[in-house]
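# A closer look at the structure
For reference, the chains in residue letters:
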Amino acid sequence: MTFFALWSCVASFGGMLVFKTPIVWPNSISWVLLMIATSLCGFTLQLFLTMGLQRETASRGSLATYTQIVFAEISDRIIFHSKLSVLGLVGTGIILTSALYVAVSDCHRASTLQ
């Protein structure tokens, strides 16, 4: 789980050396607070994702992570007023349809087992 983060740090540092990019430090307290909030939210998300994948099958857990694309598109529309492309709309439909199918088939399977 931490290999991607480690590799990203190493690759970023290497890219900064190659392209002679200076390190940019936050220049106001609001940026520091924003970075701390982003870090805490990312850590909490990773913690809950790991806990969820321990309790659920990998297929259902992976499908649940794809729903974040739907939430990202909704927030893009609300916050940035961006238009959804036709391909994005088709992808969102596939994700929602798959999530509903898994939810309904699991409920149906649970009711027949009782």
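Bringing the overall build of the protein chain into the picture now. Looking only at helices and strands, the protein chain features four helices and zero strands. Counting from the amino terminus, helix and strand elements in the protein chain follow one another as α-α-α-α. Taken over 114 residues, the protein chain has a buried fraction of 5%. As displayed, the protein chain offers around 9,900 Å² of accessible surface, 75% of which is attributable to carbon and sulfur atoms.

Turning to helix α3 (residues 58–80), a few remarks are in order. Here α3 spans 33 Å end to end across 23 residues, near enough to the 33 Å set by a 1.5 Å rise per residue. When we look at burial in α3, the residues that qualify are Gly61, Leu63 and Val70. The first or second residue beyond α3 is His81, which carries a positive phi of 55 degrees.

What follows is about the confidence of the model for the protein chain. Keep in mind that low pLDDT regions are not for reading the predicted coordinates in detail. Taken as a whole, the protein chain shows an average pLDDT of 85; of its residues, 91% reach a score of 70 or greater. Ranking the elements of the protein chain by mean pLDDT puts helix α4 (residues 86–113) last with 78 and helix α1 (residues 3–18) first with 92.

With that settled, consider a nonpolar patch on the surface. A surface patch of nonpolar side chains, amounting to about 590 Å² of accessible area, comprises Phe71, Ile74, Ile78, Ile79 and Phe80. Relative to the elements of secondary structure, Ile74 occurs in helix α3.

Procedures and definitions
- Residues numbered from 1 in each chain as written.
- Predicted model: local features only at pLDDT ≥ 70, side-chain atom pairs only at ≥ 80, totals over all residues.
- Heavy atoms only, no water.
- Helix = DSSP H or I, 4+ residues; strand = E, 2+ residues; numbered from the N terminus.
- Buried < 20%, exposed > 50% of the residue type's maximum accessible area, 1.4 Å probe, protein only.
- Areas by Shrake-Rupley, 256 points an atom, 1.4 Å probe, with all protein chains shown as cover.
- Expected span 1.5 Å × (residues − 1).
- pLDDT = per-residue confidence, 0-100.
- Patch = residues over 30% accessible without salt bridge, like charges linked within 9 Å, V, L, I, M, F, W, Y side chains within 5 Å.
- Salt bridge = Lys/Arg side-chain N within 4 Å of Asp/Glu carboxyl O.

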